[in-house]
Amino acid sequence: MNQINDMVAAFQNNIDSFFSFLKSRVSEASSSKLPYWYLDPPKGTIKTIMGDHGDIIDCVDFYKQPAFDHPRLKSHKPDLEHTKHSIDDYDSNTHPNLVQSWHMNGCCPRGTIPIRRGMRAGPRLHPFVEKLVSIRTKLEQMLGLPITGFHDGFHLYAITDFTALEDEEIQGAKATFSIWKPKLEDPQRDFSLSQMWLMNTEGSNLKTIEVGWRVHPMAIGHDTPRLFIYSTTDTYRSDLYYNLEGPTGFVQTNKNYAIGASRPPSFPSSSVYNGLQLELSVEVVKDPGKGRWRLLVENEEIGYWADEYFGPTFKGSMNTVNWGGEIYTVSKITSSEMGNGHSPDEGYNKAAYIRNLKYIDSSGTTRSIKRKDLKTTENAPYRGSYKYFGSELSFFFGGPVLDTADIQQ
């Protein structure tokens, strides 16, 4: 056993040295404003449609979408029952939050789904180096090591946590988010997001379903807030893909909504301080008896995560829901904004919030959450607080917020 541990340590040291050198060369080659480049079109692309802000939408054969490349979904029989409920065209009056800029230039044919083509910032690596990165990731997965890149920086939170009682099961959750455009200290590497986490914390592998909005210029190619989805089956050790950029286990059934695509220029992309509050409602709900965790955006079904994606030990339910904000930064001390950068104490119209906090129990009943059942987690200088709109409990969050003592100093 000691010999194996020594070999693993030597392997880590060698590849760490190589990739530290590689990072330094990339950094030297980077200008103050990094260029952006596109990932390759997904396999099964039948048609391509352009959108605003550099969006490229690929219409991909439903049966060739990335989910079916995941090892656990190779023999998955897709659930097409809900595709017939998908609206053919979104009307700006009845579904304003579902209208996207690429809709002005065409639509995806039946039998396909839209995927926003992924973008990256910085010089594109030589194909040989990209292959080395891929090999390293696979080796890290095999050896049970943390995936390089995810743990390189700092993740800071202001979240509220609801954990089910021992005899309870969580079969879904929902929320309505106010959408903002936070400023980032280092737009080339930092990101800011607001999301809902459904989690199964039992056993050694954390399992999550995550959905919300994010500002992430390095991965999006623009600084406007965009809807995103994310998930893990093994505590973020593998399958680290946003949206449909890889085999994440999310099966899209909607042919009209591209996750992460931009809104039309004539539509507001974010809330206004002391003005218009732009909101987005999301829901993840387990379909009883079918093992499908369905994603709904503004009550329109987008797709689902299948139970088998989470592995053979998954018992088919979650036990925790979190709502709130997150910052990723390469600097331990940062001025990157969470929410809109304002203190949650400023309240409605002036601070970011998540309202309509609800979970779905094992009977399929949607239940409101009481303040006494919530626990707050904050990483300074970011903060969270609770406020009521009538009888509705909401979670406000934001920052960086300086303490009075800090200001006086």
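For the structure itself, look to the data block above.
Keep in mind that what you see is a predicted model, and the values were worked out from it rather than measured. (Residues numbered from 1 in each chain as written. Predicted model: local features only at pLDDT ≥ 70, side-chain atom pairs only at ≥ 80, totals over all residues. Heavy atoms only, no water.)

Caption draft 1: Molecular detail of the overall build of the chain. What the chain contains, in helices and strands, is four helices and 20 strands. A burial count over the chain gives 52% of its 409 residues as buried. The contacts in the chain between residues at least 6 apart in sequence include a share of 73% that link residues at least 24 apart. Counting only carbon and sulfur atoms, one obtains 52% of the accessible surface of the chain, whose full area is about 19,200 Å². (Helix = DSSP H or I, 4+ residues; strand = E, 2+ residues; numbered from the N terminus. Buried < 20%, exposed > 50% of the residue type's maximum accessible area, 1.4 Å probe, protein only. Contact = heavy atoms within 4.5 Å. Areas by Shrake-Rupley, 256 points an atom, 1.4 Å probe, with all protein chains shown as cover.)

Caption draft 2: Local environment of the pairing of strand β8 (residues 191-200). Of all ten residues that make up β8, ten are buried, and the element is covered over most of its length. On β8, burial covers both faces: Phe191, Leu193, Gln195, Trp197 and Met199 on one face and Ser192, Ser194, Met196, Leu198 and Asn200 on the other are all buried. Across nine bridges, β8 lies against strand β15 (residues 320-329) in antiparallel orientation. For Leu198, the partnering residue across the bridge sits in β15 and is Val321. Linkage of β8 to strand β9 (residues 207-215), two consecutive antiparallel strands, is achieved through a turn of six residues, within which Gly203 is found at a positive phi near 80 degrees. (Pairing = 2+ DSSP bridges.)

Caption draft 3: Here's a closer look at the state of the cysteines. With the rule as written, the count across this model stands at one disulfide. The disulfide bridge from Cys59 ends at Cys108, spanning 2.1 Å between sulfur atoms. Across the S-S bond of Cys59 and Cys108 the torsion is about -80 degrees, and the bridge reads as left-handed. Here Cys108 lies in the loop between β3 (56-61) and β4 (112-116) and Cys59 lies in strand β3, a separation of 49 residues in the sequence. The thiol sulfur of Cys107 is not disulfide-bonded, and the nearest other cysteine sulfur, from Cys108, lies at 7.4 Å. The class for Cys107 is partly exposed, based on a relative accessible area of 36%. (Disulfide = S-S within 2.5 Å.)

Caption draft 4: Highlighting the pattern of salt bridges. All told, the structure shown has 15 salt bridges when counted by the stated rule. The shortest N-O distance in the salt bridge between Asp69 and Lys43 comes to 2.9 Å. With a gap of 26 residues between them, Asp69 in the loop between β3 and β4 and Lys43 in the loop between β1 (36-38) and β2 (45-50) connect regions that are remote in the sequence. Exposure remark for Lys43: the relative accessible area of 49% places this residue in the partly exposed category. (Salt bridge = Lys/Arg side-chain N within 4 Å of Asp/Glu carboxyl O.)

Caption draft 5: Representation of the sheet that holds strand β10 (residues 226-232) in the model. Within the open sheet, the six strands sit side by side as β10-β9-β8-β15-β6-β18. Their pairing is antiparallel. Each of the sheet's edge strands pairs with one partner strand only, and the pair in question is β10 and β18 (374-378). Across the sheet, the mean angle from the axis of one strand to that of its neighbour is 15 degrees, orientation sign disregarded. (Axes fitted to C-alpha atoms, helices over the stretch in contact; angles between N-to-C directions.)

Caption draft 6: Fine view of the packing of aromatic side chains. Taken as a whole and assessed by the stated rule, the structure comprises 19 aromatic pairs. The structure contains a cluster of three or more aromatic residues connected by ring pairs, namely Phe228, Tyr230, Tyr236 and Tyr242. The residue whose ring lies beneath Arg214 is Tyr242, and the NZ or CZ to ring-centre distance is 4.0 Å. (Phe/Tyr/Trp six-rings, centres within 6.5 Å; stacked < 30°, edge-to-face > 60°. Lys NZ or Arg CZ within 6 Å of the ring centre and 35° of its normal.)

Caption draft 7: Summary view of empty space enclosed by the protein. Applying the stated criterion to the full structure yields two cavities of 30 Å³ or more. Looking at the largest cavity, its volume works out to about 60 Å³. Class assignment for the residues of the lining of the largest cavity results in three nonpolar, two polar and four charged. The computed volume of the second largest cavity comes to approximately 40 Å³. What lines the second largest cavity is Pro114, Ile115, Arg116, Asn243, Leu244, Gln252 and Ile259. Grouping the amino acids of the lining of the second largest cavity by side-chain chemistry returns four nonpolar, two polar and one charged. (1 Å grid on protein atoms, 1.4 Å probe; cavity = no way out; pocket = protein on both sides within 12 Å on 5 of 7 lines; lining within 4 Å. Points joined across faces, edges and corners; volume = space filled by probe spheres on them. Nonpolar A, V, L, I, M, F, W, Y, C, P; charged D, E, K, R; others polar.)

Caption draft 8: Layout of the sheet that holds β4. The sheet built from three strands is open, its strands ordered β2-β3-β4 with antiparallel pairing. In this open sheet, the two edge strands, each paired with only one partner strand, are β2 and β4. Averaged over neighbouring strand pairs, the angle between their axes works out to 25 degrees when direction is ignored. Relative to β3, β2 runs antiparallel, the two being bridged by five bridges. If you follow Met50 over to β3, its bridge partner there is Ile56.

Caption draft 9: Spatial organisation of the side chain of Thr176. Mapped onto the elements, Thr176 comes out in strand β7 (residues 172-178). Apart from the residues within four sequence positions on either side, Thr176 is in contact with Glu279, Leu280, Ser281, Tyr353, Ile354, Arg355 and Asn356.

Caption draft 10: Looking closely at the environment of Pro247. In this structure, Pro247 sits in the loop between β10 and β11 (250-252). Put simply, Pro247 and Ala67 are 180 residues apart on the chain and 4.5 Å apart in space, counted from C-alpha to C-alpha. The contact partners of Pro247, leaving out residues within four places of it in the chain, are Pro66, Ala67, Asp69, His70, Asp239 and Tyr241.

Caption draft 11: Structural context of the nonpolar core. With 62 residues, the main nonpolar core has Met196, Val284, Trp293, Leu295, Val297, Trp305 and Trp323 as its most contacted residues. Residues Ile159, Trp197, Leu206 and Tyr242 belong to the second largest nonpolar core, which totals eleven residues. (Core = buried A, V, L, I, M, F, W, Y, C linked by side-chain atoms within 4.5 Å.)

Caption draft 12: View of the pairing of strand β13 (residues 292-297). Burial runs high along β13: six of the six residues are buried. Here β13 shows two buried faces, one formed by Arg292, Arg294 and Leu296 and the other by Trp293, Leu295 and Val297. As paired strands, strand β12 (residues 279-287) and β13 are joined by six bridges and run antiparallel to one another. In the sheet register, Val282 faces β13, and the bridge partner there is Val297. Linking two consecutive strands that pair antiparallel, namely β12 and β13, is a turn of four residues; a positive phi of about 80 degrees is found at Gly289 within it.

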